[in-house]
Amino acid sequence: MSIAIVWSQHLVSWTVDIGIVAIVVGMLLCVARLWRGPHIADRAMALDTLGIHTIGLIILFTLRIGSLVLFDGILVLSLLGFAGTLAVAQYVARPHIRAAAADVQKDPDD
Amino acid sequence: MIHIILDILTVLALLFGLFFMFIGALGLWRLPDFYNRMHAATKCITLGISGMLIGTVVHLANVRPAAIEPHSGVAAKTQAGTSAVGAITKAILVIIFQVVAAPVGAHMLSRAAHLDRAAQWEGTLSDELAEDSAGGGV
């Protein structure tokens, strides 16, 4: 019985070890897209995905080191990633929306 | 016995989440244009973070008899004064927030990219938003 419990605990720790490798490879792919992305929206999306992968890394470290000190970071990271995405989207879209609004205002006069 | 079942559930949820997070990052690198990459990243990342947090919640709820005394396990009270109940609450909050926020952010970002005329894949079949707004509307 106790041997089986130890075996399943080892299963969890092996999964955490494999998962750290997978998350780090995913973070490298995100950084590559952040480097190359042809449009600014590509870079914003890569940064958001990088933040999500950091949340995953914090989760795996929490399971690995057995301490909850890092766990508050997941709330902060998810909120900041969403705020950054919205800020970049507004930065990209606002000149076009202003130009369209100016056209609509100008059209009746012409 | 219950500990073994909860451990196996933890492993399954973690593997589910890790699979989707890795697929999301791979699609972010491999797919041809911005809209395809947005599709891969958003859906997969939402499922991935939900799966990993569910695995963490199951692991934190898996209190072992040896973990009752302090400083000996995740499920016991830790040095920083945070408890497993608080961590489970935060995990559920993050799951709800991601499920609400990821589609909103993806919609706003793809709308901004479409307004800015981001390059489209040459195999794109139709762009109905451009056809609808050809009269000058946004």
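Preceding this section is the structure that the text describes.
Residues numbered from 1 in each chain as written. Chains lettered and ligands numbered in written order. Predicted model: local features only at pLDDT ≥ 70, side-chain atom pairs only at ≥ 80, totals over all residues. Heavy atoms only, no water.

Details of the overall build of chain B
Of regular secondary structure, chain B possesses 4 helices and 0 strands. Ordered by position from the N terminus, the helices and strands of chain B form the series α-α-α-α. Taken over 138 residues, chain B has a buried fraction of 46%. A sequence separation of at least 24 residues applies to 68% of the contacts in chain B between residues at least 6 apart. About 7200 Å² of surface is accessible on chain B, with carbon and sulfur atoms providing 69% of the total. (Helix = DSSP H or I, 4+ residues; strand = E, 2+ residues; numbered from the N terminus. Buried < 20%, exposed > 50% of the residue type's maximum accessible area, 1.4 Å probe, protein only. Contact = heavy atoms within 4.5 Å. Areas by Shrake-Rupley, 256 points an atom, 1.4 Å probe, with all protein chains shown as cover.)

What about the packing of aromatic side chains?
Residues and elements named next belong to chain B. Across all of its chains, the model carries 4 aromatic pairs over all chains by this definition. Ring geometry for Phe-16 versus Phe-20: centroids 4.9 Å apart, planes at 70 degrees, classification edge-to-face. Taken together, the residues Phe-16 and Phe-20, both in helix α1 (residues 2-30) and 4 residues apart, mark about one turn of the helix. Assessed through its relative accessible area of 18%, Phe-20 is described here as buried. (Phe/Tyr/Trp six-rings, centres within 6.5 Å; stacked < 30°, edge-to-face > 60°.)

As for the interface of chain A and chain B
Contacts between chain A and chain B engage 55 residues on the former and 55 residues on the latter. With both chains or domains summed, chain A and chain B bury close to 4900 Å², and 80% of this area falls on carbon and sulfur atoms. Counting the surface chain A buries against chain B, the share from its top three residues, A:Arg33, A:Met45 and A:Leu68, is 13%. Linking chain A to chain B there are 2 salt bridges. The partner of B:Lys90 in a salt bridge is A:Asp72, with the nearest N and O atoms 2.5 Å apart. Connecting chain A to chain B are 8 residue pairs in polar contact (both at pLDDT 80 or more). For the side of chain A that touches chain B, the elements supplying multiple residues, two or more each, are α1 (2-36), α2 (40-65) and α3 (73-106) of chain A. Broken down by element, the side of chain A that touches chain B gets its largest block of residues, 18 residues, from α1(A). Across the side of chain A that touches chain B, the residue classes tally to 35 nonpolar, 16 polar and 4 charged. (Buried area = accessible area lost by both parts, 1.4 Å probe. Salt bridge = Lys/Arg side-chain N within 4 Å of Asp/Glu carboxyl O. Polar contact = N/O pair within 3.5 Å; in protein donor to acceptor, adjacent residues only side chain to side chain. Nonpolar A, V, L, I, M, F, W, Y, C, P; charged D, E, K, R; others polar.)

Some points on the nonpolar core
By size, the foremost hydrophobic cluster in this structure holds 48 residues, and its most contacted members are A:Ile23, A:Leu60, B:Met52, B:Leu53 and B:Leu109. At the level of secondary structure, the elements contributing two or more residues to this core comprise α1, α2 and α3 of chain A together with α1, α2 (34-61) and α3 (84-115) of chain B. Aside from chain neighbours lying at most four places away, what touches B:Met52 is A:Ile23, A:Gly56, A:Ile59, A:Leu60, B:Ala13, B:Leu14, B:Gly17, B:Leu18 and B:Met21. (Core = buried A, V, L, I, M, F, W, Y, C linked by side-chain atoms within 4.5 Å.)

Quick word on the packing of α2(A) against α1(B)
Here α2(A) crosses α1(B) at 155 degrees, and the two axes come no closer than 11 Å. The angle between the axes of α2(A) and α1(B) places the two elements in the roughly antiparallel class. Handedness of the α2(A)/α1(B) crossing: left-handed. Residues A:Met45, A:Ala46, A:Thr49, A:Ile52, A:His53, A:Leu60 and A:Leu63 of α2(A) form the contact with α1(B), whose own contacting residues are B:Leu14, B:Leu18, B:Met21, B:Ala25 and B:Leu28. Across the contact of α2(A) with α1(B), the residue classes break down as 10 nonpolar, 2 polar and no charged. (Axes fitted to C-alpha atoms, helices over the stretch in contact; angles between N-to-C directions. Parallel < 35°, antiparallel > 145°, perpendicular 65-115°, else oblique. Left-handed = near helix turned anticlockwise from the far one by under 90°.)

Observations concerning unusual backbone geometry
Note on backbone geometry: most residues besides glycine have negative phi, and most peptide bonds are trans. Residues and elements named next belong to chain B. Positive phi, normally seen in glycine, also occurs at Arg-117, with a value near 55 degrees. Summarising the element assignment, Arg-117 is placed in the loop between α3 and α4 (128-132). The exposure class assigned to Arg-117 is exposed, which follows from its relative accessible area of 68%.

Here we look at the environment of B:Leu125
Following the sequence through the fold, B:Leu125 ends up in the loop between α3 and α4. Taking the relative accessible area as the measure of exposure, B:Leu125 reaches 84% and is therefore exposed.

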